[in-house]
Amino acid sequence: MIRVVLPYHLRGLARIDGEVELDLAAKPATVGDLLAAVEVRYPVLRGTIRDAATGARRPLVRFFACGEDLSFVAFDEELPAAVAAGREPFLVVGAMAGG
Amino acid sequence: MSGVRLLVGTKKGAFVLTADGRRADWRVDGPLFGGWEIYHLKGSPANPNRVYASQTSSWFGQIVQRSDDGGATWNPVGKDFVYDGVPGTHKWYDGTDHPWEFKRVWHLEPSLDDPDTVYAGIEDAALFRSTDGAASWHEMPGLRGHGSGNYWQPGAGGMCLHTIVLDPSDPLRMYIAISAAGAFRTEDGGATWKPINRGLVSPYELPDPKAEVGHCVHRIAMHPERPTTLFMQKHWDVLRSDDAGESWHEVSGNLPSDFGFAIDVHAHEPETIYVVPIESDSLHYPPEGKLRVYRSRTGGGEWQALTEGLPQANCYVNVLRDAMAVDTLDPCGIYFGTSGGQVYGSADDGDSWTPIVRDLPGVLSVEVQTLP
């Protein structure tokens, strides 16, 4: 199972407690597959992580996993092996902003 | 016994304040949607249990929420605001052409007679309508396409369509206002629009102070029994029109400052209006540190300061354009919220004021429902 940790406000919006677990059909799964699966399971999140029209990551959303910033990887990049194996979560993070 | 329900949008959530008809003891529910900016909530005049809310975030974008039980429970509904056709460009702050981009919903205006029909004023400025309870939204493209849209330019707060006024005597007529494009009117249900800014003078904002479009209108208010008489708080100047916006004249009179955002009309006296003067566009707080509502019983021109119960020293809050509302009880209740998180209420036409709550997040909007 792939584990996804969503930020506080998106968990509240989608009424999620704890991590999201996804069993992705695509092998190997990509970042885009993961995001699409989140949006299919929780339609209210469509447009909150990536723009609903363009599909681009929203500017103040970041993706972290395995101690790396994956925010700028292409959506067709494969997920890190530790994320694909469920050993590490994929973190969707609200970027630091403001003072 | 009748009662009132205040719908308060703040920078960090929504609050619902309820009281019976005496309007003395208030129940405070919230925060709803804690941490999100709630630009506006408004109930349907046709079904007060139906309430719409605009929930937005710089991080996560736009959500629209709907309640069918008077704000007790909520469900997210449609949030896709897609401009009709090729959106084109408007002017950016630096005068260059800038593509139209959806940013947020500023104002939700439910239909007067159909709970499932609701209008949305958005940034970048456009008017959308839903006829299915906000499940889906469709632009009314005649507004942006009327001819001047590519010259519209944002004000400091963004290029927002913030005011939607529906004419109860004519379902085909409505008024809208945009910062900083001005006021517009349709008389065919939104198919075509006309700028209605004759008489507005903006020497500090526009190279041509009397331009047909470009004025920073802050809000328009109307009494339902006099739908062709409109009151306007412009960036500077308070104005009125007695011909459905065809022409305007200034009624700032003896106000200590004619800059401000909010303006509203007494529920039972069409010539009694309220504003909250703000020092200037540079300062955005009340003159002399005194929070004063000004009331005119003559439709403008002659104004009286209402101060009882309001702080008269060291007060430097702002009152935003959608943060004032009136109920329809008798005496009329007036309510407004501040950037400092206070919501003040008056149950006696504005003669005296009481803070209903003091420490909410900064208030973005206040609406009131008068309940049977």
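Residues numbered from 1 in each chain as written. Chains lettered and ligands numbered in written order. Predicted model: local features only at pLDDT ≥ 70, side-chain atom pairs only at ≥ 80, totals over all residues.

### Side note on the overall build of chain B
Our working definition: Segments assigned H or I by DSSP are reported as helices when at least four residues long, segments assigned E as strands when at least two residues long, and all are numbered from the N terminus. Each radius of gyration reported is based on C-alpha atoms, and the globular scaling rule is 2.2 Å times the count of residues to the power 0.38. C-beta atoms are placed from the backbone for every residue, and two residues are taken to be in contact when these atoms lie within 7 Å.
Each helix and strand in chain B was counted, giving zero helices and 30 strands. In summary, chain B has a C-alpha radius of gyration of 19 Å against a globular reference of 21 Å for 372 residues, a match within 12%. A principal-axis box enclosing the C-alpha atoms of chain B has dimensions of 50 × 45 × 40 Å. A fraction of 50% describes how many contacts in chain B between residues 6 or more apart in sequence connect residues 24 or more apart.

### Overview of the overall build of chain A
The criterion, for reference: Counting other C-beta atoms within 10 Å of each residue's C-beta, where C-beta atoms are placed from the backbone, gives the exposure class: buried for 20 or more, exposed for 12 or fewer, partly exposed between.
A tally of regular secondary structure across chain A gives three helices and five strands. For chain A, the N- to C-terminal ordering of α and β elements is β-α-β-α-β-β-α-β. For 99 residues, the compact-globule estimate of 2.2 N^0.38 gives 13 Å, and the C-alpha radius of gyration of chain A, at 13 Å, lies within 12% of that figure. C-alpha extents for chain A along the principal axes are approximately 35 × 25 × 25 Å. The buried share of chain A, taken over its 99 residues, is 21%. Expressed as a percentage of contacts within chain A between residues at least 6 apart in sequence, the contacts between residues at least 24 apart total 58%.

### Structural notes on the environment of His218 of chain B
Residues and elements named next belong to chain B. Note on placement: His218 falls in strand β18 (residues 217-222). In this structure the C-alpha to C-alpha distance between His218 and Arg321, which are 103 residues apart in sequence, comes to 6.2 Å. Those residues within four positions of His218 in sequence are excluded, and the remaining contacts are Ser179, Gln233, Lys234, His235, Gly260, Phe261 and Arg321.

### Overview of the interface of chain A and chain B
To keep it simple, the criterion reads: Charged means Asp, Glu, Lys or Arg here, nonpolar means Ala, Val, Leu, Ile, Met, Phe, Trp, Tyr, Cys or Pro, and polar covers whatever is left, Gly included.
The interface is formed by 14 residues belonging to chain A together with 12 residues belonging to chain B. Top contributing element to the side of chain A that touches chain B by residue count: helix α1 (residues 8-14) of chain A, with three residues. For the side of chain A that touches chain B, the class distribution of residues is nine nonpolar, four polar and one charged.

### Focus on the sheet that holds strand β24 (residues 293-296) of chain B
Residue and element names in this part refer to chain B. The condition is simple: Think of it this way: DSSP has to see at least two bridges between two strands before they count as a pair. Here an angle of 0 to 180 degrees is reported between the N-to-C directions of two axes, which are lines fitted to C-alpha atoms, with helices fitted over the stretch in contact.
Judged by pairing direction, the sheet is antiparallel, and its four strands sit side by side in the order β22-β23-β24-β25 without closing on themselves. The open sheet has two edge strands with one neighbour each: β22 (263-265) and β25 (304-306). Strand-to-strand, the axes of this sheet are offset by a mean angle of 30°, without reference to chain direction. Looking at chain direction, β22 and strand β23 (residues 273-275) are connected through three bridges and run antiparallel. Note that in β23 the partner of Asp264 across the bridge is Tyr274.

### Some thoughts on the nonpolar core
The line we're drawing: Note on terminology: a nonpolar core is any set of buried Ala, Val, Leu, Ile, Met, Phe, Trp, Tyr and Cys residues joined through C-beta atoms within 7 Å.
Ranked by size, the top nonpolar core spans 128 residues in total, and within it Val8, Ile176, Ile220, Ala262, Tyr335, Val343 and Val366 of chain B carry the most contacts. When sequence neighbours within four positions are dropped, the list of residues in contact with Ile220 of chain B reads Thr163, Val165, Tyr175, Ala177, Ala183, Leu230, Phe231 and Met232 of chain B.

### Things to note about the sheet that holds β18 of chain B
Residue and element names in this part refer to chain B. The strand order β18-β19-β20-β21 describes an open sheet built from four strands, whose pairing is antiparallel. The sheet is open, and its two edges are formed by β18 and β21 (249-250), each paired on a single side. In this structure, strand β19 (residues 230-234) lies alongside strand β20 (residues 238-241), joined through four bridges in antiparallel fashion. Pairing of Phe231 across the sheet is with Arg240, part of β20.

Everything listed here is a matter of geometry and, on its own, says nothing about what the molecule does.
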